[in-house]
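One-letter residues, chain by chain:
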Amino acid sequence: MNLRQRWLRTHGAEILDREGLNPRGRRILRDLDRWNSRIRWYQIHCRMIDLHWEALGRPEPFRILDVGTGPGGLLSALADHYAAKGIQTELVGVDLSEDYVAMAQERLGDRAQVMQGDATKLDMEDHRFDVATTTLMMHHLPPPVRTEMVAELGRVCRSAYIFDLEITLYGAVGWVLVALGMRMHMDTLHDGVVSVRRGSTLQEFKELVSPLPVRVRRVFPSALCTVPGSISG
């Protein structure tokens, strides 16, 4: 880690972590939904997950475990994406929060199953799923927990699509400009900057996912994700 990254790094909490689905947290979620819709993040994630489906030999049903599913936005997008492609799926979401589980299940209906659970101790058999997905969750966790979670994902899934933030100055400044330009609430501005500052360096992220059969790709302007590497049957 260079001097600038050491200066940027924080272990401070995000407002959304404290507020959850209280009014203040819901306001942040609404801002983030607007951002996701504006840049079509969910569609981009779906296309990246397609790479894992291809590398795994196009399994059907395509069994996806979404960890830290939150309000269920990604699972909903995946359900629509693969239904449009005519690909049968089995979609399961896991979240530690009972409130998020209830919210996501209501949103998804019978398109997916959502359950409460600890991502470091999943009550699932080995290689139960084809791919695990987790987006913008890792930076919320302490480093030792991130490592435990990756090990557990490697146990229950054949591959993993992990998307999280890279700690960069232009990422933090960029979010300030985005939040101001889209007239987001100051809480959302705060949490976005803290999220970037809690992110990983490229080397840290590579070391974190090294037990998985994946490679790391940088995503402009300040994110990192996993793409398929050498996947065995």
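Residues numbered from 1 in each chain as written. Predicted model: local features only at pLDDT ≥ 70, side-chain atom pairs only at ≥ 80, totals over all residues. Heavy atoms only, no water.

A. Representation of the pairing of strand E3 (residues 113-116). Pairing geometry for strand E2 (residues 89-95) and E3, over four bridges, is parallel. Its bridge partner lying in E3, valine 92 is registered against glutamine 113. Handedness of the crossover joining E2 and E3 through helix H6 (residues 98-108) is recorded here as right-handed. (Pairing = 2+ DSSP bridges. Helix = DSSP H or I, 4+ residues; strand = E, 2+ residues; numbered from the N terminus. Right-handed = clockwise from strand over helix to strand, strands pointing away.)

B. A look at the packing of helix H4 (residues 41-55) against helix H5 (residues 73-84). As a packed pair, H4 and H5 sit with axes 10 Å apart at the nearest point and diverge in direction by 65°. Judged by the sense of rotation from one axis to the other, the crossing of H4 with H5 is right-handed. Contacts from Tyr42, His45, Cys46, Ile49, Asp50 and Trp53 of H4 reach H5 at Gly73, Leu74, Ala77, Leu78, His81 and Tyr82. Class assignment of the residues belonging to the contact of H4 with H5 gives a composition of eight nonpolar, three polar and one charged. (Axes fitted to C-alpha atoms, helices over the stretch in contact; angles between N-to-C directions. Left-handed = near helix turned anticlockwise from the far one by under 90°. Contact = heavy atoms within 4.5 Å. Nonpolar A, V, L, I, M, F, W, Y, C, P; charged D, E, K, R; others polar.)

C. Region of the structure containing the side chain of aspartate 164. Within the fold, aspartate 164 resides in strand E5 (residues 157-165). Although aspartate 164 is buried, it forms no salt bridge, and the closest oppositely charged side chain is arginine 146 at an N-O distance of 5.7 Å. Engagement of the side chain of aspartate 164 in a polar contact is seen with the backbone nitrogen of methionine 138, the distance being 3.1 Å. At a separation of 3.1 Å, a polar atom in the side chain of aspartate 164 contacts the side chain of histidine 139. Not counting the four nearest positions on each side in its chain, aspartate 164 is found in contact with Leu136, Met137, Met138, His139, Phe205, Ala223 and Leu224. (Buried < 20%, exposed > 50% of the residue type's maximum accessible area, 1.4 Å probe, protein only. Lys, Arg positive; Asp, Glu negative; His and termini not counted. Salt bridge = Lys/Arg side-chain N within 4 Å of Asp/Glu carboxyl O. Polar contact = N/O pair within 3.5 Å; in protein donor to acceptor, adjacent residues only side chain to side chain.)

D. The state of the cysteines, seen in detail. Applying the stated criterion across every chain yields a total of zero disulfides. Looking at cysteine 46, it has no disulfide partner, and the nearest cysteine sulfur is the one in cysteine 225, 13 Å off. (Disulfide = S-S within 2.5 Å.)

E. Main features of the pairing of E5. Counting buried positions along E5 yields nine of nine residues, so the element is predominantly enclosed. In this sheet, E5 lies alongside strand E4 (residues 129-135) in parallel orientation, the contact comprising six bridges. When the sheet's bridge partners are listed, valine 131 is paired in E5 with serine 159. Taken together, E4, helix H7 (residues 143-156) and E5 constitute a β-α-β crossover, and its handedness is right-handed.

F. Structural context of the environment of leucine 169. Relative to the elements of secondary structure, leucine 169 occurs in helix H8 (residues 169-181). Leucine 169 gets classed as partly exposed once you look at its relative accessible area, which sits at 31%. Considering only alpha carbons, one finds leucine 169 and alanine 119, 50 residues apart in sequence, at a separation of 30 Å. Once residues lying within four places of it in the same chain are set aside, the contact partners of leucine 169 are Arg4, Trp7 and Leu8.

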